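Next come the chains, spelled out residue by residue.
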Amino acid sequence: MADVPVPADLRDRLTAVAGDAAARPLLVALDFDGTLAPLQDDPAASRILPAGVGVLADLAGRDGVALALVSGRAMADLHALAEVPAGTYLVGSHGAERARVTQFGLDRDVVELTHEQADRLAALGARAAAVARGRDGVWVESKPTAVVVHTRLAEPKDAVPAEAEALALGAELGVGTLHGKDVVELTVLPADKGTALQALRRELGAPVVLYAGDDVTDEHAFAALDPDDLTLKVGPGDTVARYRVADPAAAVAALAHLLDALG
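Residues numbered from 1 in each chain as written. Predicted model: local features only at pLDDT ≥ 70, side-chain atom pairs only at ≥ 80, totals over all residues. Heavy atoms only, no water.

**Student:** Mind laying out the overall build of the chain, listing which residues take part and the relevant values?
**Tutor:** Counting its secondary structure elements, the chain contains eight helices and 12 strands. Since a compact globule built from 263 residues should have a radius of gyration of about 18 Å, the 18 Å found for the chain is in line with a globular shape. Judged by the C-alpha coordinates and their principal axes, the chain covers about 55 × 35 × 35 Å. Residues classed as buried in the chain amount to 50% of the 263 residues present. In the chain, the proportion of contacts linking residues at least 24 apart, taken out of those at least 6 apart, comes to 56%. With the model as given, the accessible surface of the chain reaches about 11,500 Å², and the carbon-plus-sulfur share is 53%. (Helix = DSSP H or I, 4+ residues; strand = E, 2+ residues; numbered from the N terminus. Rg over C-alpha atoms; globule rule 2.2 N^0.38 Å. Buried < 20%, exposed > 50% of the residue type's maximum accessible area, 1.4 Å probe, protein only. Contact = heavy atoms within 4.5 Å. Areas by Shrake-Rupley, 256 points an atom, 1.4 Å probe, with all protein chains shown as cover.)

As C-alpha cells, this is what we get:
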C-alpha cells in the first residue's frame, strides 16, 4: 500500500502508538462496510480489500495487539463476509451481538430477548414490511434484535419517504433508532458502537484504542473514546474523529503503516 498516501499527522500518531509500550494491549477496532470494504449496492458482495486481509492477519499476530470488527451487520453476515483470523472479536448489530472467531467457527455470546421484546420485534417486522411495500429498491432486513429498512437501491422518490416513515415508526413504537447511510435500523435491544467498544476495551484492559469508521453510526464510537485514543474517519462528512482518510484503500494503508511501525 506504499502508493496510497497516509496523512503525515496520522502517520506520526500511528508511529508513536506503535512505539509506546504503555499502549499495550492496543485494541484495533474497525468498521466493515465503507471502512475496510468498499460500499456495494448488494450488501452480500462486500469484501475487505485484498491487501487489507493480509494486513489484518499480520496485525492480529502481533504481540500486544487485539483485533475487532465493529459493524451494524448481523453477526452471521459479518462472519460470513469478513476474512479475519482466529482470535478476532466481532461486534455485530451495532453492539447487540458479540462473538470471537475461533479455528472451529464462532464463540458467540447468546442474545436473549424478553417476551415483550420478542413481540415488539415481530410487530416491527410487519410494520417495516409495510414501509417497503410498493417502493422499488426499498427492502427490509431482519436481525436477531432489530429490523432494518434499506434504501441504497431506491430512487429518492421512494427512499426519502421510506426513511421518514421508518423513523416515525421507531418514534411511535418507542424503540431504538439508528439512521445511517441509506438505512434506518429499529432495535428492541438498545445498543451502540461506542458502548460496545468501551465495554470491550475494559474487558481487555486496553489503554489505547484505534477505531476507524465511515458512517453516522460510527460517530457514537468516536465520541465515546478518550482523548488519547486514535479515531479515524473514512471518507467525507462531518465527524468528531481526530483523523481522516479518503477511502478504504487509504484506511488499509494506514493500518499497513501501523503494522510496519510495530516491527
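Now that the structure has been shown, the text picks up again.
**Student:** Break down the sheet that holds strand 10 (residues 208-213) for me, with residues and values.
**Tutor:** Spatial ordering of the open sheet is given by 5-4-3-2-1-10-11-12, a layout of eight strands whose pairing is mixed. Among the strands making up the open sheet, the edge pair consists of strand 5 (105-108) and strand 12 (243-245). Averaged over all neighbouring strand pairs, the angle between strand axes comes to 25 degrees, with direction disregarded. Summarising the sheet, strand 2 (residues 65-70) and strand 3 (residues 89-92) pair through three bridges and their orientation is parallel. Across the sheet, residue alanine 68 finds its bridge partner in strand 3, namely tyrosine 89. Along the sheet, helix 8 (residues 248-262) contacts strand 1 (26-30), strand 2, strand 10, strand 11 (230-234) and strand 12; its crossing angle with strand 1, the most-contacted strand, is approximately 165 degrees. (Pairing = 2+ DSSP bridges. Axes fitted to C-alpha atoms, helices over the stretch in contact; angles between N-to-C directions.)

**Student:** Talk me through the pattern of salt bridges; I want residue IDs and the actual numbers.
**Tutor:** Close approach of charged atoms allows side chains of opposite charge to pair. Counted by the stated rule, this structure contains 15 salt bridges. The partner of aspartate 226 in a salt bridge is arginine 201, with the nearest N and O atoms 3.2 Å apart. A residue pair is termed long-range when its members are at least 10 positions apart, and aspartate 226 in the loop between helix 7 (218-224) and strand 11 and arginine 201 in helix 6 (residues 193-204) qualify at 25 residues. Residue classification places aspartate 226 among the partly exposed residues on the basis of a relative accessible area of 36%. A salt bridge links aspartate 229 to arginine 201; the nearest nitrogen and oxygen atoms lie 2.9 Å apart. Taken together, the positions of aspartate 229 in the loop between helix 7 and strand 11 and arginine 201 in helix 6 put the pair 28 residues apart, joining distant regions of the chain. (Salt bridge = Lys/Arg side-chain N within 4 Å of Asp/Glu carboxyl O.)

**Student:** Which residues make up the pairing of strand 5, and what values do they have?
**Tutor:** Pairing of strand 4 (residues 97-102) with strand 5, which is carried by four bridges, proceeds in the antiparallel orientation. Considered in strand 5, the bridge of threonine 102 is made with glycine 105. Count of turn residues in the strand 4/strand 5 antiparallel hairpin: two residues.

**Student:** Break down unusual backbone geometry for me, with residues and values.
**Tutor:** The amide bond that connects arginine 24 to the next residue, proline 25, takes the cis arrangement and shows omega of -5 degrees. With a phi close to 50 degrees, serine 93 is a non-glycine residue in the positive phi region. Mapping serine 93 onto the fold places it in the loop between strand 3 and strand 4. Despite not being glycine, histidine 94 has its phi angle at roughly 60 degrees, a positive value. If you trace the backbone, histidine 94 turns up in the loop between strand 3 and strand 4.

**Student:** Can you tell me about the environment of alanine 68, naming the residues and giving the values?
**Tutor:** Along the chain, the position of alanine 68 falls in strand 2. Separated by 132 residues in sequence, alanine 68 and leucine 200 have C-alpha atoms that sit 9.1 Å apart. With near-sequence residues (within four places) excluded, alanine 68 lies in contact with Leu27, Val28, Ala29, Leu30, Thr88, Tyr89 and Leu200.

**Student:** Kindly report on the nonpolar core, identifying the contributing residues and their values.
**Tutor:** Ranked by internal contacts, the top residues of the largest apolar core, which has 46 residues, are Leu10, Val28, Leu30, Leu69, Leu255 and Leu258. Element by element, the count of residues in this core is highest for helix 8, at 10 residues. The residues contacting leucine 30, other than those within four sequence positions of it, are Leu36, Leu56, Leu67, Ala68, Leu69, Val70, Leu210, Tyr211, Ala212 and Leu255. (Core = buried A, V, L, I, M, F, W, Y, C linked by side-chain atoms within 4.5 Å.)

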